[in-house]
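# Chains, contacts and geometry: an overview
Listed here are the chains, written in short residue letters.
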Amino acid sequence: MEKTVSAFEEDVLEGLKKDQKSLPSKYFYDDRGSGLFEKISNLDEYYLTQAELEILQKNSGEISQTIGPNSLIIEFGSGSSRKTRLLLKELNDIAGYVPVDISRDFLFEEAEKLRSEFPDLKITPIAADYTKPFEIAVNGYANKRVIFFPGSTIGNFTPDQARDFLFQSTDLLAENGGLLIGVDLKKDPDVLNKAYNDSKGITAEFNLNLLRRINRELEGNFEVEKFRHRAFYNETEGRMEMYLMSLDNQSVTLSASGEKIDFRKGEMIHTENSYKYSVDEFEELISEKFYLRKTWLDSKKRFSVHYFEKK
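Residues numbered from 1 in each chain as written. Predicted model: local features only at pLDDT ≥ 70, side-chain atom pairs only at ≥ 80, totals over all residues. Heavy atoms only, no water.

### Details of the layout of surface pockets
Think of a ball as big as a water molecule: rolled over the atoms, this probe shows where empty space is left. Quick note on the threshold: Definitions used throughout: a 1 Å grid over protein atoms alone; a cavity as a set of points that fits a 1.4 Å probe which cannot get out; a pocket as an open set with protein on both sides within 12 Å along at least five of seven lines; a lining residue as one with an atom within 4 Å of a point. Grid points are joined across faces, edges and corners, and a volume is the space filled by probe spheres set on the points. Strands here mean DSSP runs of E at least two residues long; helices mean DSSP runs of H or I at least four residues long; both are numbered from the N terminus. Residues were grouped as follows: Ala, Val, Leu, Ile, Met, Phe, Trp, Tyr, Cys and Pro as nonpolar; Asp, Glu, Lys and Arg as charged; and all remaining residues, including Gly, as polar.
Volume-wise, the second largest pocket comes out at about 180 Å³. As for the second largest pocket, its lining consists of 14 residues, and the residues nearest its centre are Tyr-27, Tyr-29, Ile-102, Ser-103 and Arg-213. Going through the elements one at a time, helix 1 (7-16) and helix 8 (202-218) are the ones with two or more residues in the lining of the second largest pocket. Classifying every residue of the lining of the second largest pocket by side-chain character gives five nonpolar, one polar and eight charged.

### A closer look at the sheet that holds strand 6 (residues 227-234)
Stated formally: Note: two strands are recorded as paired if DSSP finds a minimum of 2 bridges between them. Helix axes are fitted to C-alpha atoms over the stretch in contact, other axes to C-alpha atoms as well, and angles between N-to-C directions run from 0 to 180 degrees.
Sheet architecture is open: three strands sit in the order 6-7-10, paired in antiparallel fashion. Pairing within the sheet leaves two strands with one partner each, and these edge strands are strand 6 and strand 10 (268-275). Here the average twist between neighbouring strands, direction ignored, is 20°. Pairing geometry for strand 6 and strand 7 (residues 239-246), over eight bridges, is antiparallel. When the bridges of strand 7 are listed, Asn-234 appears paired with Arg-239.

### Some thoughts on the nonpolar core
Threshold: In plain words, nonpolar cores are sets of buried Ala, Val, Leu, Ile, Met, Phe, Trp, Tyr and Cys residues tied together by side-chain atoms within 4.5 Å. Each residue is assigned to one of three classes by its accessible area relative to the maximum for its type, calculated with a 1.4 Å probe on protein chains only: buried under 20%, partly exposed between the two thresholds, exposed over 50%. Between two residues, a contact is recorded if the distance between any of their heavy atoms is within 4.5 Å.
Leu-180, Leu-211 and Phe-222 are the most contacted members of the largest nonpolar core, which totals 59 residues. The residues contacting Phe-222, other than those within four sequence positions of it, are Leu-16, Leu-211, Ile-214, Asn-215, Phe-227, Val-252, Leu-254 and Phe-263. By size, the runner-up hydrophobic cluster in this structure holds 31 residues, among which are Phe-165, Tyr-277, Phe-290 and Leu-292.

### Structural notes on the environment of Phe-134
By the secondary structure assignment, Phe-134 is in the loop between strand 3 (126-127) and strand 4 (144-149). With a relative accessible area of 14%, Phe-134 lands in the buried category. Taking the C-alpha atoms as reference points, Phe-134 and Leu-172, separated by 38 residues in sequence, lie 8.6 Å from one another. Excluding anything up to four places from it in sequence, Phe-134 contacts Phe-76, Val-100, Ile-126, Ala-128, Asp-129 and Leu-172.

### Let's talk about the packing of helix 1 against helix 8
Keep this limit in mind: Every angle not falling under 35 degrees, over 145, or within 65 to 115 is termed oblique; those three ranges are roughly parallel, roughly antiparallel and roughly perpendicular. Helix crossings are classified by the rotation of the near helix relative to the far one: an anticlockwise turn of less than a right angle makes the crossing left-handed, while a clockwise turn makes it right-handed.
Their axes nearest at 11 Å, the elements helix 1 and helix 8 cross at an angle of 125°. Here helix 8 runs oblique to helix 1, going by the angle between their axes. You can see that helix 1 and helix 8 cross each other, and the crossing is left-handed. From helix 1, Phe-8, Glu-9 and Val-12 reach across to helix 8, where they touch Arg-213, Ile-214, Glu-217 and Leu-218. Broken down by class, the residue content of the contact of helix 1 with helix 8 amounts to four nonpolar, no polar and three charged.

### Re empty space enclosed by the protein
Summed over all chains, the structure comprises one cavity of 30 Å³ or more. Ser-78, Gly-79, Ser-81, Tyr-97, Pro-99, Leu-107, Glu-110, Ala-111 and Leu-114 together form the lining of the largest cavity. Counting residues per element, the ones that place at least two in the lining of the largest cavity are strand 2 (96-101) and helix 5 (104-117). For the lining of the largest cavity, the leading source of residues is helix 5, giving four residues. Partitioned by chemical class, the residues of the lining of the largest cavity number five nonpolar, three polar and one charged.

### What to know about the pairing of strand 4
Put simply, the test is: Consider the strands pointing away from the viewer: the crossover is right-handed when the path from the first strand over the helix to the second runs clockwise.
Counted residue by residue, strand 4 has five buried out of six residues, so it is predominantly covered. In this sheet, strand 4 lies alongside strand 1 (residues 71-76) in parallel orientation, the contact comprising five bridges. If you follow Ile-74 over to strand 4, its bridge partner there is Ile-147. Taken together, strand 4, helix 6 (residues 159-169) and strand 5 (residues 178-184) constitute a β-α-β crossover, and its handedness is right-handed.

See the structure below:
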């Protein structure tokens, strides 16, 4: 019988065979990775979460009014739904909440917590890769569907990929559907570099956890201590870049496939980009299919939350 190859294995092998080795950032979020990211989001250096929470805390009433009553909220990459709670408390006659996340166990655990906090709210978790088409089967009537995509995760896509992905997502929306999205803004590179190189090393461990996951799920033999986290701002491209750098000449085998991957000392595996935008740049990027209704900024103008309507 022919061996079934998982999407994870296919993506890992494809990425590690490239001239510029890479691993898709979506695989950060196994259960341990999701937990590590929650820790990162509470770090002082990682301003993104605090800035977005400030926006939502100060403007949740206005955001709720802008979205309107009886809306179905679909959250991409819901994680702990921490930010969503602020909206759920303000939204009028909400039709339901659909958290979508690739980490199934973490997703369903958090959904149960939410049900205890919002017993009258219909919560329908969907374990899926939201970057690919998926269907939502929710009973009941809603005035509109609204995609909530917080955390500046859209920055992990190249601008062209971000546009294509958001245009694809309109398939989930009716004519009057909305998009509430967090977007990190361009700023002092020193602030950006500190955010992705925290003093406690949690971001480094989050990055290295990708190798641990490969070892566990694909029977890899990465010696994790022989790789180091690297992250820096590429001002020309307007993005943070994150890598895992090999500290020695070494070879790694994936027993699940039998493949051997060679690394040179100093060679790097690219694991993530995080693009930064101005408000005008992001509006223009998706203006073909979305109309910008409202933008909110934090007090230091580090981060933005936009509400778009589908054209």
